[in-house]
Amino acid sequence: MTIPDTSVTAPELDDRSREILDFEREGWKLTIAKERAIRERFGFSAARYHQLLHRIMDSPAALAYDPMLVRRLRRVRDARRRRRVAGQLGVRI
């Protein structure tokens, strides 16, 4: 009798997701505008890039791939969200 494997593994990131995280990690080294670098490297707009980045950041696989980067990106996103909501409510942060 065999025992079924009940271990759950996190899904792996696809190549594009890894490339986006790698690009974000190295973004501070860019010598051209980030929007231009995004267009040249990935072939889509900065808005689409950020949509994909935010979706990737929320995945457990991204956290497993690069925990420090993903946690930093989440902190930055959450701080911006708090400032935006506070501003809409008329509260200064």
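Refer to the structure presented above.
Position numbers for residues count from 1 along each chain, tracking the sequence in the order it is written. Reporting of local features is limited, given that this is a predicted model, to residues whose pLDDT is at least 70; pairs of side-chain atoms are given and counted only at 80 or more, and all residues count toward the totals for whole chains, interfaces and linings. Neither water nor hydrogens contribute to the side-chain values; these are computed over all heavy atoms in the structure.

**Q** I tried to follow the overall build of the protein on my own but got confused; where do I start?
**A** If you tally the helices and strands in the protein, you get 5 helices and 0 strands. Counting from the amino terminus, the protein carries its helices and strands in the arrangement α-α-α-α-α. Remark: exposure states derive from per-residue accessible area (1.4 Å probe, protein chains only) relative to the maximum for the residue type, with buried under 20%, exposed over 50%, and partly exposed in between. Classification of the 93 residues of the protein by burial places 28% in the buried group. In this description, contact between two residues means that some pair of their heavy atoms is separated by no more than 4.5 Å. Restricting to contacts in the protein with at least 6 residues of sequence separation, those with at least 24 account for 43%. Here a helix means four or more residues in a row that DSSP labels H or I, a strand means two or more in a row labelled E, and each is numbered from the N terminus.

**Q** Help me understand the side chain of S59, please; the structure alone is not making it clear to me.
**A** Mapping S59 onto the fold places it in the loop between α3 (46–57) and α4 (60–65). With residues up to four places along the chain from it excluded, the contact list for S59 reads L13 and R74.

**Q** Would you mind going over α3 with me for this structure?
**A** Note that an α-helix has 3.6 residues per turn; residues three or four places apart therefore point the same way. Compared with the 16 Å implied by 1.5 Å per residue over 12 residues, the 16 Å span of α3 between its first and last C-alpha is a close match. Those residues of α3 that fall on the buried side of the exposure criterion are A46, Y49, L52, L53, I56 and M57. Down the axis of α3, the buried set is contained in an arc of 135 degrees. They therefore lie on one face. Looking at α3, the residues exposed on the side facing more than 90 degrees away from the buried face are A47 and R55. The secondary structure elements touched by the buried residues of α3 are α1 (15–26), α2 (34–42), α4 and α5 (67–89). Helix span, as expected, comes to 1.5 Å for every residue beyond the first. Arc, as used here, means the arc of the directions from the helix axis to the C-beta atoms.

**Q** Looking at this structure, I do not really get the packing of aromatic side chains. What am I missing?
**A** Two descriptors summarise a pair of aromatic rings, namely the distance from one centre to the other and the angle between the planes of the rings. When the centres of two rings from Phe, Tyr and Trp lie within 6.5 Å, Trp using its six-membered ring, the rings pair. Their planes under 30 degrees apart give stacked, over 60 give edge-to-face, and anything left gives tilted. Counted by the stated rule, this structure contains 4 aromatic pairs. With a centroid separation of 5.4 Å and 85 degrees between ring planes, the pair formed by F23 and F42 is classed as edge-to-face. In this pair, F23 sits in helix α1 while F42 sits in helix α2, placing the two residues 19 residues apart along the sequence. Grouping residues by exposure puts F23 and F42 together as buried. Here the aromatic rings of F23 and Y49 are separated by 5.6 Å at their centres, their planes lie at 80 degrees, and the arrangement is edge-to-face.

**Q** Would you explain a nonpolar patch on the surface in this entry?
**A** Patches were defined on residues exceeding 30% relative accessible area and lacking a salt bridge, with like-charge contacts within 9 Å and nonpolar side-chain contacts (Val, Leu, Ile, Met, Phe, Trp, Tyr) within 5 Å. Accessible areas in this description were obtained via Shrake-Rupley with a 1.4 Å probe; residue shielding takes into account the shown protein chains only. Each salt bridge in this description consists of a side-chain nitrogen of Lys or Arg and a carboxyl oxygen of Asp or Glu lying within 4 Å of one another. A surface patch of nonpolar side chains, about 430 Å² in accessible area, is lined by V85, L89, V91 and I93. Here I93 shows up in the segment after α5.

**Q** What exactly am I supposed to notice about the packing of α1 against α2 here?
**A** How two helices pack is summed up by the angle between their axes together with the distance between the axes. An axis is simply a line fitted to the C-alpha atoms; with a helix, the fit covers only the stretch in contact. Between two such axes, the angle follows the N-to-C directions and lies from 0 to 180 degrees. Orientation of α1 relative to α2, taken along the N-to-C sense of each, is 150 degrees, at an axis distance of 12 Å. By the angle between their axes, α1 is roughly antiparallel relative to α2. Every pair of crossing elements has a handedness; the one defined by α1 and α2 is right-handed. Along its contact with α1, which presents E19, I20, F23 and E24, the element α2 presents K34, A37, I38, R41 and F42. Here the residues of the contact of α1 with α2 sort into 5 nonpolar, no polar and 4 charged. By the definition adopted for this analysis, an angle is roughly parallel if under 35 degrees, roughly antiparallel if over 145, roughly perpendicular if from 65 to 115, and oblique otherwise. Two helices crossing with the near one rotated counterclockwise from the far one by less than a right angle form a left-handed crossing, whereas a clockwise rotation gives a right-handed crossing. Residue polarity follows a fixed list, in which Ala, Val, Leu, Ile, Met, Phe, Trp, Tyr, Cys and Pro are nonpolar, Asp, Glu, Lys and Arg are charged, and the others, Gly among them, are polar.

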